[in-house]
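# Architecture at a glance
The lines below spell out each chain.
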Amino acid sequence: MKYLRLDSIDPYYNMSFDEYCLEQLSSEDSFFYLWRNRPAVIIGLNQNAYSEVNIPYLEDNGITLARRVTGGGAVYHDLQNLNYTFIGKDVSPQPIVDALRKMGVDAELSGRNDIFVEGKKVSGYARRVWHDRQMVHGTLMYDVDLEPLTRALDVDGSKMSSKGIASVRSRVGNLKAYLPQYPTIEAFRDALQELLAGSDEQMAMSPEQLEQVRSTAESKFASWEWVYGSSHEADFSRSARLACGTVEVSVKLDRGCICAIEFRGDFLGGLPVAQLEEALKGRRFERGSLIECLKELGVERYFDSVSAEDITGMLF
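So, here's what we can say about the structure. The shown structure was predicted, so the numbers you read here are calculated from the model rather than taken from an experiment. (Residues numbered from 1 in each chain as written. Predicted model: local features only at pLDDT ≥ 70, side-chain atom pairs only at ≥ 80, totals over all residues. Heavy atoms only, no water.)

## Here's the deal with the overall build of the protein chain
Helices and strands together make up the secondary structure of the protein chain, namely twelve helices and 13 strands. Its C-alpha atoms give the protein chain principal-axis dimensions of about 75 × 45 × 30 Å. Split into buried and exposed, the 316 residues of the protein chain put 51% on the buried side. Of the contacts made within the protein chain by residues no fewer than 6 positions apart, 67% connect residues no fewer than 24 positions apart. Counting only carbon and sulfur atoms, one obtains 46% of the accessible surface of the protein chain, whose full area is about 14500 Å². Looking at charge distribution, the protein chain has the averaged site of its 35 positive side-chain charges lying 3 Å from that of its 47 negative ones. (Helix = DSSP H or I, 4+ residues; strand = E, 2+ residues; numbered from the N terminus. Buried < 20%, exposed > 50% of the residue type's maximum accessible area, 1.4 Å probe, protein only. Contact = heavy atoms within 4.5 Å. Areas by Shrake-Rupley, 256 points an atom, 1.4 Å probe, with all protein chains shown as cover. Lys, Arg positive; Asp, Glu negative; His and termini not counted. Charge placed at Lys NZ, Arg CZ, Asp CG, Glu CD.)

What follows is the structure, given as structure tokens:
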């Protein structure tokens, strides 16, 4: 199968590359490319970022949050995860399974969108259709660090939260354990590339095409509107014991903005909190901007001896 080289580890660029190759790169033949991301969580097209991802953990640990153009669930990537993309009129992840089997790994397609080895999930994939073409892309866990994977996706009510890392370790597997002949992910990538490509040649993209990918990465895929603003409606509640007393808050979000917020509790404050609730409607649910907003509104007038950082700490 013909192939492209994608050496970028920037999640935004790589999401843009996927979209461009599916929608604009002309090719009568099917083709593929292998790629990696620096530490990142990639959420599905239809997911709510706030309910699927531990955003404070990502921010504290320099992990990028990106949104892809396919459906499915949130996944964690690091440089020990190898991703694959197939594009063509009739594509599937079967070539990955076949290649792994040639490497001596007893891989099989199983479930809705997974590849398993000895009962453990080593890959998840998703699909998108564009006119008469399809894209299938997915992960291959080579030696992924499972602790940040678990922490990044650990939110209230999530599978990670309810099952914990021990359960995650029992359900997912890294391919390195099955591939002693490939001691590094680079060696694994090169061998997989050779098996998938066979005698077919590498395709080329022009500087103008690559510039368009880069431009769309910046204007669309790295934008707050795409990553957070595409989030559908979500509700959540939080509570904390602060200097003013117990504060309970219920928040309704849509498209990344606060459409309703309500504070309750035994807290003390000089002004009616309803004024603050009204002022917060329509604001982006983004920690930095909310801190600035609460400072401008004088949050200490509504909650005695409480700072903007205290309230946002509770919210996030």
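Alright, that's what it looks like, and here's the rest.
## Describing the layout of surface pockets
Space inside the second largest pocket adds up to approximately 340 Å³. In terms of lining, the second largest pocket is formed by 17 residues, of which the most central are Tyr-50, Ser-51, Val-53, Val-155 and Arg-238. For the lining of the second largest pocket, the secondary structure elements donating two or more residues are helix H2 (49-52), helix H3 (55-60) and strand S11 (234-242). Residue composition of the lining of the second largest pocket, by class: ten nonpolar, three polar and four charged. (1 Å grid on protein atoms, 1.4 Å probe; cavity = no way out; pocket = protein on both sides within 12 Å on 5 of 7 lines; lining within 4 Å. Points joined across faces, edges and corners; volume = space filled by probe spheres on them. Nonpolar A, V, L, I, M, F, W, Y, C, P; charged D, E, K, R; others polar.)

## Regarding the environment of Leu-276
By secondary structure assignment, the location of Leu-276 is in helix H10 (residues 273-280). Exposure remark for Leu-276: the relative accessible area of 1% places this residue in the buried category. Between the C-alpha atom of Leu-276 and that of Tyr-302, which follows or precedes it by 26 residues, the distance is 7.5 Å.

## Re the sheet that holds strand S10 (residues 133-141)
Pairing within the open sheet is mixed, and its seven strands lie in the order S1-S2-S6-S10-S9-S8-S7. Among the strands making up the open sheet, the edge pair consists of strand S1 (2-3) and strand S7 (107-110). In this sheet, S10 lies alongside strand S6 (residues 81-88) in antiparallel orientation, the contact comprising eight bridges. Residue Leu-82 lies in a different strand from S10, and its bridge partner there is Leu-140. Where helix H1 (residues 11-23) meets the sheet, it contacts strand S2 (31-35), S6, strand S9 (120-130) and S10, and its direction lies at approximately 180 degrees from that of S2. (Pairing = 2+ DSSP bridges. Axes fitted to C-alpha atoms, helices over the stretch in contact; angles between N-to-C directions.)

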